[in-house]
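Close look at the chain arrangement
The primary structure of each chain is shown beneath.
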Amino acid sequence: MKTDGNIPAPAVRRLSLYLRQLELLWQDDRQTVSSKELGGALRLTDSQIRKDLAYFGQFGQAGIGYDVLELTTTIRRILGTDRNWNVLLVGAGNLGSALSAYRGFAKKGFRLVAVFDSDVRKIGKPVTSNPSLTVQSLADLEKTIEQRDIELAINAVPAEAAQEISQRLVDAGIRGLFNFAPVNLDVGAKVAVASVDLAVQLEQLSFQVSMSQTLSETDKPPRGRKRKS
Ligand code: NAI
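Our subject in this report is the structure included herewith.

**A short note on the site of the ligand**
Neighbouring the ligand are 23 residues, the closest being D117, K122, V157, V196 and L198. Between K122 and the ligand, the recorded distance is 2.6 Å, taken from a side-chain N or O atom to an oxygen atom. Between an oxygen atom of the ligand and a main-chain N or O atom of L198, the distance comes to 2.7 Å. Here the ligand, which alone exposes 850 Å², has 73% of that area covered by the protein. No other element matches helix α8 (residues 159-171), which puts 3 residues into the shell around the ligand. Residues that form the shell around the ligand fall into these classes: 15 nonpolar, 4 polar and 4 charged.

As C-alpha cells, this is what we get:
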C-alpha cells in the first residue's frame, strides 16, 4: 500500500463513501465493479475514483474493474476500520444519549464501552437511551481508559468544558477525539481531532441556497423571504 506523500483530505473522505458503496454491492452479491459504475452511484467521475485510489496503490484490472471484496478489505485497512476500536463518550446529555443509542457505530467496529458525565444525578444510572451502559464518574476516567484499552473518545460536553475535558482525555492516553462542542480544541499535534458542527454545515447549506436564489432572482418574480429582525 502506498501511503507516502501528502494525501488530500477530500480523497480520504471519499474513501468512506467508496467503502459504503462497496459494502452495498457486496450485500448484492457483486464480485466486481467498474470505476464508472462506482462513480455513477456516488455522482463522481470515474477518473476521480481512479485518482483517489491511486494515492494508496494500484487497484483494479482493465476490462474487469475492481474486485469488490479485495477493495473493501483494502479500504478498511487504510481507514483503520479492519479492527475494533473501544470508544468512550463524555457528556450523557441530549446529544450524548442519542449517540449512545446508535447501533450503527458497533457495526463499523466502533464499540462504545464507557460513558462519563459530571452530573451526580446521572452517575451510576443507566444511559437513558442505552441501558447496557452505566454513566460513570469522571473520577474513573483514567483508570477506565487504561483498563478497557480505549483509544478514541467522543466529546459531547458543553463548549465551556470541552477544552479541559479533551486535554484530560489526551493526557490519559486517548489518541483520537471526536468533538461535537462548538470550540476549536488545542490538544497538540499528536492527537487526531475530528469535529462536526451541524450549525456550520447548515450555514453552508443556507449560503448555497441563498446564492442559487440570488442567481435565479433575475429570472423569477420576487418571493417572500423571512429575514431576521
Ligand atoms: P446537554 O446539556 O444536553 O448535555 C451536556 C452533558 O454534558 C450534560 O449531561 C452535562 O451534565 C455534561 N457535562 C457538563 N460539563 C461536563 C464536564 N465538565 N464533564 C463531563 N460532563 C459534563 O447538551 P447537548 O445538547 O447534549 O450538547 C452537548 C454538546 O454538543 C454541546 O457542546 C453542544 O453545543 C454540542 N452540540 C453539537 C452539535 C453538532 O452538530 N456538533 C449538535 C448538538 C449539540
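**Here's the deal with the nonpolar core**
In terms of nonpolar packing, the biggest core is built from 21 residues, with L88, V90, F116, L141, L169, I174 and L177 touching the most fellow members. Of all elements in the fold, only β3 (85-90), β4 (110-116), α7 (141-147) and α8 reach the threshold of two or more residues within this core. With 4 residues, α8 is the largest single contributor of residues to this core. Y18, L19, L22 and I75 belong to the second largest nonpolar core, which has 15 residues in total.

**Focus: the packing of helix α2 (residues 35-42) against helix α3 (residues 46-54)**
Where α2 contacts α3, the axes come no closer than 8 Å and their chain directions differ by 110°. As the angle between them shows, α2 and α3 are arranged roughly perpendicular. Two secondary-structure elements touch here, α2 through S35, K36, L38 and G39 and α3 through D46, I49 and R50.

**Digging into the sheet that holds strand β6 (residues 130-136)**
The strand order β5-β6-β4-β3-β7-β8-β9 describes an open sheet built from 7 strands, whose pairing is mixed. Since the sheet does not close on itself, it has two edges, and those belong to β5 (126-127) and β9 (192-195), each with one partner. Relative to the sheet, helix α5 (residues 94-101) contacts β3, β4, β5, β6 and β7 (152-155), its axis offset from that of β3 by approximately 155°. With respect to the sheet, α8 is in contact with β3, β7 and β8 (176-179), its orientation differing from that of β7 by roughly 170°.

**Brief notes about the environment of T81**
Within the element layout of this structure, T81 appears in the loop between α4 (68-79) and β3. With 27 residues separating them along the chain, T81 and K108 place their C-alpha atoms 7.0 Å apart. Those residues in contact with T81 that sit more than four places away from it in its chain are L19, R76, K108 and F110.

**Here we look at the pairing of β7**
Remember that side chains alternate between the two faces of the sheet whenever the strand is regular. Side chains of β7 alternate between two faces, with L152 and I154 and A153 and N155 buried alike. Of the pairings in the sheet, the one linking β3 to β7 comprises 4 bridges and is parallel in character. Bridge pairing links L89 to I154 in β7. Bridge count for β7 against β8 is 4 bridges, and the pairing is parallel. Directly across from N155, in β8, lies its bridge partner N179. Viewed along the sheet, the connection from β7 through α8 into β8 turns out right-handed.

What counts, and where the lines are drawn
Residues numbered from 1 in each chain as written. Predicted model: local features only at pLDDT ≥ 70, side-chain atom pairs only at ≥ 80, totals over all residues. Heavy atoms only, no water. Near = heavy atom within 4 Å. Polar contact = N/O pair within 3.5 Å; in protein donor to acceptor, adjacent residues only side chain to side chain. Areas by Shrake-Rupley, 256 points an atom, 1.4 Å probe, with all protein chains shown as cover. Helix = DSSP H or I, 4+ residues; strand = E, 2+ residues; numbered from the N terminus. Nonpolar A, V, L, I, M, F, W, Y, C, P; charged D, E, K, R; others polar. Core = buried A, V, L, I, M, F, W, Y, C linked by side-chain atoms within 4.5 Å. Buried < 20%, exposed > 50% of the residue type's maximum accessible area, 1.4 Å probe, protein only. Axes fitted to C-alpha atoms, helices over the stretch in contact; angles between N-to-C directions. Parallel < 35°, antiparallel > 145°, perpendicular 65-115°, else oblique. Contact = heavy atoms within 4.5 Å. Pairing = 2+ DSSP bridges. Right-handed = clockwise from strand over helix to strand, strands pointing away.

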